[in-house]
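What follows is the residue order along each chain.
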Amino acid sequence: MKYIIIVLAFLAMSCNNKAENAHAHNADGSHVGEEIPRLDHTIWTDKTELFVEFPVLIVGQGSRFAAHFTEMDKHRPVREGAVTVSLIKDGKGIRNTADAPSSPGIFSPAIQPKEAGNYQLVFDLTTPGYSDKITIDDVTVYANVDEAIKALGTAQDDGSISFLKEQAWKIDFQTASAVKGEVYDVINSSGVWMPSPSSVKTLVAKSNGVVNFAVGNLTEGMPVKRGQLLIDVSSQGLASNNLSTEIAKARSNFEQAKAEYERKKQLFESKIVPKAEFEKVESNFNIAQSNYQGLTAGVSGGGKQIRAPFDGYITAINVANGDYVDQGAAMVTVGTHRSRILKAQIAPSYGLTMENAQSIWYQTKEGLWRNVASSAGSILSISKDVDNNRPLISVFAQVNDDIEMPEGSLTQVQIAMGNAIQNTTIPISALLEDYGSYSVMVQLSGESFERRPVKIGKRNGENVEILQGLEIGEVVVTTGAYQVKMASMSGSTPAHGHEH
C-alpha cells in the first residue's frame, strides 16, 4: 500500500508539471515551442528584383529583414549602396537604414512596430549607379504572436523547387516576364551573308610606283582603323613616271598659270583685256591648280599613301610588297561588319510580296536572333520572276549590325508575313525540351520555382508563342533553367528558410 501511494504521488506531480508547461510563455508572449511565422515577398521593377524575408511584424518586437536586391540588367547582386525600410500608415511611420549590404546583395535593416494595423512597407534603394523605390501594400502588424499564428497558420511545404539567390548570383542567370506580344506567320528558310556595297571599298594606286606595305603583317581579316596607313606607293628611283618629277613639273605649271591669272585679272578689272581672254586664263589656272593638288594629296616621303577609309578589316589583298603598279590598279579591299546584305530564297508558293512582308529575323552568331528593324535595316527587294534556272524567289535585306559570321556563310532566317495576332510570348531560351514536350521554370518568388509544362505555338526569332500553361506577367527563367532543374533532381536542395 505504501508503494502504491508513492506512485500515485509521482503521477500527480507529473500531471501538474505538464499543465504548467502547456501554459508556459516566452518573453514575447508566445507559447513555449511556438515559432514566429515568417513572410516573404518578391517584387520586380524595371531595374531591380527585391526578394525579402522577415519574421511577421509584431507590436513591440524587432523584425530584421533579409532584403535580397538583384540588378535586373545582368541579374547580379547589388554590392554597394544603402537601403531604407519604412513602415507607413496614414502618412506617418518609422524607418531604419542599412548603410551597406551585410553580404553581397543582402541588406538587413530592422523595424520594431508600435501599433497593430495595416501598413505600407517601403524599400528605398540607393546605389552608385541608380536608385529605386519598391512598395509592398497591406502589410499587417499583429498585436501578438498568437494572433499572427491564428491568421497565418504555420509554414507548409508547397512542393516548389528551392534555388537560393546566392546560387543564382554565382551563375549565368536571367529571368523575363511573359508578355502580350505580336505573333506573325513565318517562313523558315536560310540566308547567305553578302557584302553591302556601302560597307566594302577597294583602294587603288593613285600613281605609278613600287608598293611598300606600311603594316608589317598585312593579311586578310586583319582589323584596321579609319585613317590607318596601309600602303605607300613610291616612284623614287624610277627613270620614268617618277612622282617627284611630275610634282615638280605640275608645281611649275601651277605657279606660272597663277602668275598669268593674277596679271590678267587686274587687266580685266581695269577693262583692258576682254572677258573671253580672261576666262581662258582663269580656266588654265584652275586646271593647273587641280592637277598640282591632286598629285601632292596623300604624298609623304616621295610616295602616295593609301589609308583605311573606315574602321573595318582587310577582305582582299591584290598586290605583293615590292610590286610595281600602274595608276588605278586595285591594291587592297577594306570591309566592315557593320553593314551586310542578307539574301534568302523561298518558294514562290508562299506569295511573299513587299506589301505583305513584315520583317526578317536572322542570327548574328549561333543561337542569337536579331530583327532587321532592330538594327535600322530594311527589306530591300523581293524578286518577282522565276524560271527553270531560277525556281526560287530571292529576298534581299539590308542589315546594319555586327555580324560575326563570315561573308558567304549561311544563317537561319525567319520571314514574317501577313498581319500579326496578339498572344502570350516568352524568350525561346526559357524552353526546356524533353522528347518533343516543352516546359519552363516559373519563378514563384525570389527563391521558389516551379517546373510547368507549356504548349507552344509559332516561333518569331528569339520569342515563342505560348498557347497554354502561362499567364501574362508570370516570370520564367531564361538563362540558368537547367541548373534550377538539376536542383530539383539533386535531392539536396537547401531549405527555404536559410540564415543570412
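Up top you'll find the structure we're talking about.
These lines cover the structure that appears in this document, whether it is placed above or below. Just so it is clear, the structure is predicted and the values come from calculations on it, not from any experiment.

### Here we look at helix α2 (residues 145-152)
For step 1, the next point in the chain: Among all positions in α2, only Val145, Ala148 and Ile149 are buried. End-on, the buried residues of α2 take up no more than an arc of 95°, which puts them together on one face. Those residues of α2 that are exposed and angled more than 90 degrees off the buried face are Lys150 and Ala151.
For step 2, the next point in the chain: As for α2, its buried residues are in contact with β3 (57-58) and β12 (131-142).
For step 3, the next point in the chain: Taking the backbone nitrogen of Asp146 as reference, a side-chain oxygen 3.2 Å away marks Asn144 as the first, capping residue of α2.
For step 4, the next point in the chain: The positive-phi residue at the C-terminal boundary of α2 is Gly153, with phi of around 75°.

### As for the side chain of Lys165
For step 1, the next point in the chain: As for its position among the elements, Lys165 is in helix α3 (residues 165-168).
For step 2, the next point in the chain: We classify Lys165 as buried; its relative accessible area is 1%.
For step 3, the next point in the chain: If near-sequence neighbours (up to four positions away) are discounted, Lys165 is found in contact with Glu49, Phe51, His68, Thr70, His75, Gln443, Gly446 and Glu447.

### Section: unusual backbone geometry
For step 1, the next point in the chain: Positive phi, normally seen in glycine, also occurs at Asp90, with a value near 55°.
For step 2, the next point in the chain: For Asp90, a relative accessible area of 71% puts it in the exposed group.
For step 3, the next point in the chain: Even without a glycine there, the phi angle at Tyr435 is positive, about 55°.
For step 4, the next point in the chain: Relative to the assigned elements, Tyr435 resides in the loop between β31 (432-434) and β32 (437-445).

### Re the sheet that holds strand β18 (residues 223-224)
For step 1, the next point in the chain: Strand order in the open sheet formed by four strands is β16-β24-β22-β18, and the pairing between neighbours is antiparallel. The open sheet is flanked by β16 (200-204) and β18, the only strands paired with a single partner.
For step 2, the next point in the chain: Across four bridges, the pairing between strand β22 (residues 312-317) and strand β24 (residues 330-335) is antiparallel. The partner of Tyr313 across the bridge, within β24, is Gly335.

### Some details on the pattern of salt bridges
For step 1, the next point in the chain: Counted under the stated rule, the structure contains eleven salt bridges.
For step 2, the next point in the chain: Put simply, Arg263 and Glu260 hold a salt bridge, and the shortest N to O gap is 3.2 Å. Highlighted residues: Arg263 and Glu260, both in helix α4 (residues 243-269), separated by three residues, approximately one helical turn.
For step 3, the next point in the chain: Across the pair Arg452 and Glu474 runs a salt bridge whose closest N-O atoms are separated by 2.8 Å. One end of the pair, Arg452, is in strand β33 (residues 448-460); the other, Glu474, is in the loop between β34 (463-468) and β35 (475-479), with 22 residues separating them in the sequence.
For step 4, the next point in the chain: With a relative accessible area of 17%, Arg452 lands in the buried category.
For step 5, the next point in the chain: It is possible to trace a salt-bridge network through shared partners that takes in Asp434, Arg451 and Lys485.

### Description of the packing of aromatic side chains
For step 1, the next point in the chain: A full pass over the atoms with the stated rule returns eight aromatic pairs.
For step 2, the next point in the chain: Pairing Phe163 with Phe449 gives two aromatic rings, centres 6.3 Å apart and planes at 80°, and the pair type is edge-to-face. Of the two residues, Phe163 is situated in the loop between β13 (161-162) and α3 and Phe449 in strand β33; the sequence distance between them amounts to 286 residues. For the pair Phe163 and Phe449, a shared accessibility class is recorded, and that class is buried.
For step 3, the next point in the chain: On the basis of an interplanar angle of 90° and a centroid distance of 5.6 Å, the ring pair of Trp193 and Tyr362 is categorised as edge-to-face. Taken together, the residues span a long stretch of sequence, with Trp193 in strand β15 (residues 179-195) and Tyr362 in strand β26 (residues 357-365) at a distance of 169 residues. Comparing Trp193 with Tyr362 shows no difference in burial state: the two are buried.
For step 4, the next point in the chain: Put simply, the rings of Phe54, Phe65, Phe69, Phe107 and Phe123 touch in pairs and so form one group of aromatic residues.

### Regarding the side chain of His75
For step 1, the next point in the chain: Inspection of the secondary structure assignment puts His75 in the loop between β5 (66-71) and β6 (76-77).
For step 2, the next point in the chain: When near neighbours in sequence (up to four residues on either side) are disregarded, His75 contacts Glu49, Thr70, Lys165, Ala168, Trp169, Phe173, Gln174 and Thr175.

### So, the pairing of β33
For step 1, the next point in the chain: Sheet analysis places β13 next to β33, joined by two bridges and oriented antiparallel. Residue pairing for β33: Ile161 is matched across the bridge by Phe449.
For step 2, the next point in the chain: Pairing geometry for β32 and β33, over seven bridges, is antiparallel. The residue of β33 that forms the bridge with Tyr438 is Val454.
For step 3, the next point in the chain: Hairpin connection, β32 to β33: the antiparallel pair is bridged by two residues.
For step 4, the next point in the chain: Where β33 meets β34, four bridges bridge the pair, whose relative direction is antiparallel. Following the sheet pairing, Lys455 is matched in β34 by Gln468.
For step 5, the next point in the chain: Between β33 and the antiparallel strand that follows it, β34, lie two residues; Gly461 among them carries a positive phi value of about 65°.

### Structural notes on a nonpolar patch on the surface
For step 1, the next point in the chain: Taken together, the side chains of Tyr482, Met486 and Met489 make up a nonpolar region of the molecular surface, amounting to roughly 340 Å² of accessible area.
For step 2, the next point in the chain: As for its placement among the helices and strands, Met489 is situated in helix α6 (residues 481-490).

### Observations concerning the sheet that holds β12
For step 1, the next point in the chain: Taken together, five strands build an open sheet; the order of strands is β3-β12-β11-β7-β8 and the sheet is mixed. With one partner strand each, in any of the chains shown, β3 and β8 (92-98) form the two edges of the open sheet.
For step 2, the next point in the chain: Of the strand pairs in this sheet, strand β11 (residues 117-126) and β12 are connected by nine bridges, and their pairing is antiparallel. Note that in β12 the partner of Tyr119 across the bridge is Val139.
For step 3, the next point in the chain: Contacting β3 and β12, α2 runs over the sheet at an angle of about 100° to β12.

Rules behind the numbers
Residues numbered from 1 in each chain as written. Predicted model: local features only at pLDDT ≥ 70, side-chain atom pairs only at ≥ 80, totals over all residues. Heavy atoms only, no water. Buried < 20%, exposed > 50% of the residue type's maximum accessible area, 1.4 Å probe, protein only. Helix = DSSP H or I, 4+ residues; strand = E, 2+ residues; numbered from the N terminus. Arc of directions from axis to C-beta. Contact = heavy atoms within 4.5 Å. Polar contact = N/O pair within 3.5 Å; in protein donor to acceptor, adjacent residues only side chain to side chain. Pairing = 2+ DSSP bridges. Salt bridge = Lys/Arg side-chain N within 4 Å of Asp/Glu carboxyl O. Phe/Tyr/Trp six-rings, centres within 6.5 Å; stacked < 30°, edge-to-face > 60°. Patch = residues over 30% accessible without salt bridge, like charges linked within 9 Å, V, L, I, M, F, W, Y side chains within 5 Å. Areas by Shrake-Rupley, 256 points an atom, 1.4 Å probe, with all protein chains shown as cover. Axes fitted to C-alpha atoms, helices over the stretch in contact; angles between N-to-C directions.

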